[in-house]
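# Survey of secondary and tertiary structure
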Amino acid sequence: MSKRYGILANPAKHSLSPVVQNAAFKALGIDAQFGIFEVPENEFSTFMDRVKHDPIYGLSVSSPYKRDVMEYLNEIDEDAKKIGAVNTVVYKGGYLYGYNVDYIGINKALAESCGDLKGKRVVIVGAGGAARAAVYGLLKDGAQVSIYNRTTETARELANIFSAMFGVNIVSGGLSDMLNVEADILVQTTSIWIDDPDAKLEELLPPDYLKKFEVVMDIVYKPLITPLIEAAKSLGIKTVTGDKMFLYQAVEQFKLWTEKEAPVDAMRAALDEVLV
Ligand code: ATR
């Protein structure tokens, strides 16, 4: 019987993980199926108890379960512990292991456009779960990070956590404070366009503000060309779209599940076919 894997989220139906992971299994001739586990919150605990018994060999974990899943795992790796969230679960030898490879996806996608991230000044917009992975990864690679959020207090909390963890100073504030900062890279991590595809860029920042950046990244990949990416492009600034982060974190997940090198080209091709 083929091994089961899947995306655990709610909602999960629109996830692109099955497309890229099934393409990877196919490319390497692995007998496995990557499905969708759209689990309502009141069934989450029962679902997690079952994962080991009727084994699901790998889970990609997304909203709203990246934190809640942690209490069901036998071991959590250092990076995931420090980020405070798990996006990948591996079942092996009767145990469940948790990892977070979102930060690797962000770093690789950015490094493709900017090269070495060491010393780069990066503005992070947002202070939710995705921002935590971004801040962690960027600090780990030696970038200088500042954090701005609609709710100033949440940005301050995140800055305090990571400044203590890495022993560095992290400037933080509300969205308007961001406008006075000089930096090289801007990374958009909020859920603004996931919650409302018609939301205007001006809710986050004035489009002209983007002029000061070398590179602008949005981690959202639906839509692929977000209002932020569109504005940056029209100003002639290098952009990094969210599909790159998604692809590179999917590659890391595949490696963790199969202990094989991932067929990146096949995964990229499958993703390109469905992206709009
Ligand atoms: P995720 O796991 O996707 O990061 P989250 O933890 O719920 O989701 O965080 C959502 C982030 O998007 C938060 O930083 C949120 O700002 P608040 O802390 O002020 O809520 C931000 N966000 C969501 N909608 C936004 C909007 N319309 N304008 C600005 N920021 C927004």
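Each assigned domain of the protein is listed here: domain 1 (3-100 + 244-275) and domain 2 (103-240). Relative to domain 2, the C-alpha centre of domain 1 lies at a distance of 25 Å. If you look at the interface, domain 1 gives 15 residues, while domain 2 gives 19 residues. Around 1600 Å² of area is buried between domain 1 and domain 2 when both sides are counted, 64% of it from carbon and sulfur atoms. Among the residues domain 1 hides against domain 2, the three largest losses belong to Ile-83, Met-245 and Tyr-248. Together they make up 37% of the total. Remark: the boundary between domain 1 and domain 2 carries two salt bridges. With a closest N to O distance of 3.0 Å, Lys-108 and Glu-252 form a salt bridge.

Applying the stated criterion to the full structure yields 14 salt bridges. Between Asp-54 and Arg-4 there is a salt bridge whose closest N-O contact spans 3.4 Å. Taken together, the residues span a long stretch of sequence, with Asp-54 in the loop between helix H2 (44-51) and strand E3 (58-61) and Arg-4 in strand E1 (residues 3-9) at a distance of 50 residues. When its relative accessible area of 45% is taken as the criterion, Asp-54 is described as partly exposed.

What follows is about unusual backbone geometry. Look at the link from Ser-63 to Pro-64: it is a cis peptide, with omega at 5 degrees. When you line up the elements, Pro-64 lands in the loop between E3 and strand E4 (75-76). Following Lys-222, the chain continues to Pro-223 via a peptide bond in cis, the omega torsion being 5 degrees. Looking at the secondary structure, you find Pro-223 in the loop between strand E11 (215-218) and helix H8 (227-234). Residues other than glycine seldom take positive phi values, yet Glu-259 does so here, at roughly 55 degrees.

For the rest of this paragraph, the subject is the sheet that holds E4. Sheet architecture is open: six strands sit in the order E2-E1-E3-E5-E6-E4, paired in mixed fashion. Sheet topology places strand E2 (32-38) and E4 at the edges, where each strand pairs with a single neighbour. Pairing geometry for strand E5 (residues 88-92) and strand E6 (residues 95-99), over five bridges, is antiparallel. Across the sheet, the residue bridging to Val-90 is Tyr-97, located in E6. Across the sheet, helix H9 (residues 242-258) touches E1, E2, E3, E5 and E6, and the angle it forms with E5 is around 10 degrees.

The rules we used
Residues numbered from 1 in each chain as written. Predicted model: local features only at pLDDT ≥ 70, side-chain atom pairs only at ≥ 80, totals over all residues. Heavy atoms only, no water. Domains from an automatic or database assignment. Contact = heavy atoms within 4.5 Å. Buried area = accessible area lost by both parts, 1.4 Å probe. Salt bridge = Lys/Arg side-chain N within 4 Å of Asp/Glu carboxyl O. Helix = DSSP H or I, 4+ residues; strand = E, 2+ residues; numbered from the N terminus. Buried < 20%, exposed > 50% of the residue type's maximum accessible area, 1.4 Å probe, protein only. Pairing = 2+ DSSP bridges. Axes fitted to C-alpha atoms, helices over the stretch in contact; angles between N-to-C directions.

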